[in-house]
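Each chain, written out:
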Amino acid sequence: MFILVIRTFFLYFAVIFIMRMMGKKQIGQLEPFELVIALMISDLATYPMEDIRIPIIHAIIPIVTLLFLQVATSYLEIKSEKARRILTGNPSILIKNGKIDIGELRYQRFNINDLLEELRIKGFFNLSDIQYAILETSGELSILPKTGSSSATKDDLNITVAQESLPIPLIMDGNINHKNLKLINKDEIWLNNILARHKISNANDLFIAMLDSNNKFYYQLKERNDKLI
């Protein structure tokens, strides 16, 4: 038992040292190759802790090798833009000029609920407030709000306004959300009237439609090739 404790103690600090040598990025900011190396290091350190028959050196050598691979790969990324593009990829624009890029959204396997969740986490509840949303290679979402959306607050100007409410999705990828309609005491007839007012004949033509936090109707049509899906 004492030997097992000592081995665990040694491997614990060895892995901490190796991870510190890899840099100061948070887990959520690791590039794909860095995340793979981190997972492999944790896996290599686990076996000697569980089985005292495995010499510790059998874990240390592969872990140090992975450290050198990580350092070499990082150096290669610094020196070569092509290598950086192959190993890390490029940021993806999910919202461009206020419009969702549906094709890119699906290519990145990012559904509309994921996008709305990420926007809410960043403090944006209305799609109409977003000029650009960029999915970084680390998986983080960078947001550029429309001019005026991040300016002086109403409190700064001493303006009294009504409290905003949460946006209510009504149509997502052509499907009407009847539960949300019931939540706001509306029905499909009301929704069809709203669509007719915007010269939309069929809910299936919409990628998303919602009442934003200011109770305004926001929508985006599907792209032509999306209507066939």
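Residues numbered from 1 in each chain as written. Predicted model: local features only at pLDDT ≥ 70, side-chain atom pairs only at ≥ 80, totals over all residues. Heavy atoms only, no water.

Break down the overall build of the protein for me, with residues and values.
Per the secondary structure count, the protein includes eight helices and eight strands. A total of 229 residues make up the protein; the buried ones form 32% of that total. Just so you have it, the protein exposes about 15200 Å², and 57% of that area is on carbon and sulfur atoms. (Helix = DSSP H or I, 4+ residues; strand = E, 2+ residues; numbered from the N terminus. Buried < 20%, exposed > 50% of the residue type's maximum accessible area, 1.4 Å probe, protein only. Areas by Shrake-Rupley, 256 points an atom, 1.4 Å probe, with all protein chains shown as cover.)

Run through the pattern of salt bridges, naming residues and quoting values.
Tallying each qualifying case throughout the model produces three salt bridges. Put simply, Lys 222 and Asp 173 hold a salt bridge, and the shortest N to O gap is 3.8 Å. Of this pair, Lys 222 sits in the segment after β8 (217–221) while Asp 173 sits in the loop between β5 (168–172) and β6 (175–176), and the two are 49 residues apart along the sequence. When its relative accessible area of 8% is taken as the criterion, Lys 222 is described as buried. Assessed through its relative accessible area of 32%, Asp 173 is described here as partly exposed. (Salt bridge = Lys/Arg side-chain N within 4 Å of Asp/Glu carboxyl O.)

Before we move on, can you summarise unusual backbone geometry with the specific residues and values?
At Asp 173, a residue that is not glycine, the phi angle is positive and equals roughly 55 degrees. Positive phi, normally seen in glycine, also occurs at Asn 185, with a value near 60 degrees. On the basis of relative accessible area, Asn 185 is assigned to the exposed category, the value being 70%.

Describe the environment of Gly 98, listing the residues and the values that go with them.
Structurally, the position occupied by Gly 98 is in the loop between β1 (92–96) and β2 (99–100). The class for Gly 98 is buried, based on a relative accessible area of 14%. Taking the C-alpha atoms as reference points, Gly 98 and Ser 128, separated by 30 residues in sequence, lie 6.7 Å from one another. For Gly 98, the contacting residues outside a window of four places in its chain are Ile 130, Gln 131, Lys 146 and Tyr 218. (Contact = heavy atoms within 4.5 Å.)

Let's hear about the sheet that holds β2: which residues, and what values?
Strand order in the open sheet made by the four strands is β2-β1-β3-β4, with antiparallel pairing throughout. Of all strands in the sheet, those with a lone pairing partner are β2 and β4 (141–145), marking the two edges. Of the strand pairs in this sheet, β1 and strand β3 (residues 130–135) are connected by four bridges, and their pairing is antiparallel. In the strand pairing of β3, Lys 96 is matched with Tyr 132. Along the sheet, helix α6 (residues 112–121) makes contact with β1, β2, β3 and β4, crossing β4 at roughly 70 degrees. (Pairing = 2+ DSSP bridges. Axes fitted to C-alpha atoms, helices over the stretch in contact; angles between N-to-C directions.)

Quick rundown of the sheet that holds strand β7 (residues 206–211)? Include the residues and the values.
Here four strands make up an open sheet; going across it, the order is β6-β5-β7-β8 and the pairing antiparallel. Strands at the two margins of the open sheet, each flanked by one partner only, are β6 and β8. In terms of strand pairing, β5 meets β6 through two bridges, oriented antiparallel. Looking at β6, one finds that Met 172 is bridged to Asn 175. Of the strands in this sheet, β5, β6, β7 and β8 are in contact with helix α8 (residues 188–197), which crosses β5 at around 75 degrees.

An account of the pairing of β5 is needed here, citing residue identities and associated values.
Regular strands have side chains that alternate between both faces of the sheet. The element β5 is extensively covered by neighbouring structure, given that five of its five residues are classed as buried. Both β5 and β7 contribute to a ladder of four bridges, which runs antiparallel. For Ile 171, the partnering residue across the bridge sits in β7 and is Ala 209. The turn joining β5 and β6, which pair antiparallel and follow one another in sequence, is formed by two residues; a positive phi near 55 degrees is taken by Asp 173.

Just give me the short version of the side chain of Asn 126, but keep the residues and values in it.
Looking at where Asn 126 falls in the secondary structure, it is placed in the loop between α6 and β3. Setting aside chain neighbours within four positions, we find Asn 126 in contact with Pro 167, Asp 212, Ser 213 and Asn 214.

Read these as layout, nothing more, since geometry by itself doesn't imply function.
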